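Reading the structure
The primary structure of each chain is shown beneath.
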Amino acid sequence: MNDLTHTFTVDATPQEAYEAIIDVRSWWGATNIVGATDRLGGDWFYLVPDLHFSKQRTAELVPGERVVWEFTDGHLGFIADKGEWIGTTGRFDIAADDGRTRVTFTHEGLAAGDECFDVCHDAWRHYITDSLRQRILTGRGTMRTREEDLAAVGQHAGTAQ
């Protein structure tokens, strides 16, 4: 299985990257998230009405090294298998890399043959390699509006529905 993966390298410390990752509201959606994203064992929710709902449990927090979320519930409104993320895992691996920091995000259990893959690949690419990266560098992510998320899904309508 080839899990969905995105990697970037940034001029920051591993701890700075870790702190940005657990501040999920600052790069994935300030108004879309309910619950503590920085507490081990904590459950939290991400919601874009009529498009995406997911419930995550923070399963692992290793400062400067790793963050792991378990997707325990969800509803993707743009594909037939609405619960495709349930039972998958979001994993952030953080490593020093020649004076910089490498962040690798893997959505374990979401593979190229899955219905959501293309749309989710593009969405995660934005949120990980653009928004999270900018959050680490500048303190502010580049989150999408609901309308931008809907437009992105619409671009894949022929393959994602």
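Treat the numbers as computed from the prediction; the structure is a model and nothing was measured.

This next bit is on the pairing of strand 3 (residues 43-48). Regular strands show a simple pattern: their side chains alternate between the two faces of the sheet. Residues Trp44, Tyr46 and Val48 line the buried face of strand 3, whereas the alternating positions Asp43, Phe45 and Leu47 sit on a face that is not buried. Judged from the two bridges that link them, strand 2 (residues 33-34) and strand 3 form a sheet pairing that is antiparallel. Among the inter-strand pairings, valine 34 is bridged to a residue of strand 3, identified as phenylalanine 45. As judged from the six bridges shared by strand 3 and strand 4 (residues 52-62), these two strands associate in the antiparallel manner. Bridging across to strand 4, tryptophan 44 finds its partner in glutamine 56. Counting the residues that bridge the hairpin from strand 3 to strand 4 gives three residues, and of these aspartate 50 lies at a positive phi of roughly 65°.

Moving on, we get to the nonpolar core. The biggest cluster of nonpolar side chains holds 40 residues, and the ones touching the most others in it are Trp28, Trp69, Phe92, Trp124 and Leu132. Counting residues per element, the ones that place at least two in this core are strand 1 (3-10), helix 1 (14-22), strand 3, strand 5 (66-76), strand 6 (89-97), strand 7 (100-111) and helix 2 (117-138). Per-element accounting of this core gives the leading share, eight residues, to helix 2.

Attention shifts here to the sheet that holds strand 4. Sheet architecture is open: seven strands sit in the order 1-7-6-5-4-3-2, paired in antiparallel fashion. The open sheet has two free edges, formed respectively by strand 1 and strand 2, since each of these has just one partner strand. Sheet strands in contact with helix 1 are strand 4, strand 5, strand 6 and strand 7, and its direction is about 160° off that of strand 6. Strands in contact with helix 2 are strand 1, strand 3, strand 5, strand 6 and strand 7; relative to strand 1, the strand with the most contacts, it is inclined by about 20°.

Only one face of strand 1 is buried, namely the one carrying Leu4, His6, Phe8 and Val10, since none of Asp3, Thr5, Thr7 and Thr9 on the opposite face is buried. Two elements, strand 1 and strand 7, share eight bridges in a ladder whose sense is antiparallel. Across the sheet, threonine 5 pairs through a bridge with threonine 106, a residue of strand 7.

Scanning the entire structure with this criterion turns up one disulfide. Across a sulfur-sulfur distance of 1.6 Å, cysteine 116 and cysteine 120 are joined as a disulfide pair. Handedness of the cysteine 116-cysteine 120 disulfide follows from its S-S torsion of about -45°: it is left-handed. Cysteine 120 matches cysteine 116 in its accessibility class, with the two residues each being buried.

Side chains carrying opposite charge are able to pair once their charged atoms draw close together. One pass over the full model with this rule turns up eight salt bridges. Residue aspartate 122 is joined to arginine 125 by a salt bridge in which the shortest nitrogen-to-oxygen separation is 2.8 Å. Of this pair, aspartate 122 and arginine 125 both sit in helix 2, three residues apart, roughly one helical turn. Residue aspartate 122 is classed as partly exposed on the basis of its relative accessible area, which comes to 22%.

The rules behind these values
- Residues numbered from 1 in each chain as written.
- Predicted model: local features only at pLDDT ≥ 70, side-chain atom pairs only at ≥ 80, totals over all residues.
- Heavy atoms only, no water.
- Buried < 20%, exposed > 50% of the residue type's maximum accessible area, 1.4 Å probe, protein only.
- Helix = DSSP H or I, 4+ residues; strand = E, 2+ residues; numbered from the N terminus.
- Pairing = 2+ DSSP bridges.
- Core = buried A, V, L, I, M, F, W, Y, C linked by side-chain atoms within 4.5 Å.
- Contact = heavy atoms within 4.5 Å.
- Axes fitted to C-alpha atoms, helices over the stretch in contact; angles between N-to-C directions.
- Disulfide = S-S within 2.5 Å.
- Salt bridge = Lys/Arg side-chain N within 4 Å of Asp/Glu carboxyl O.

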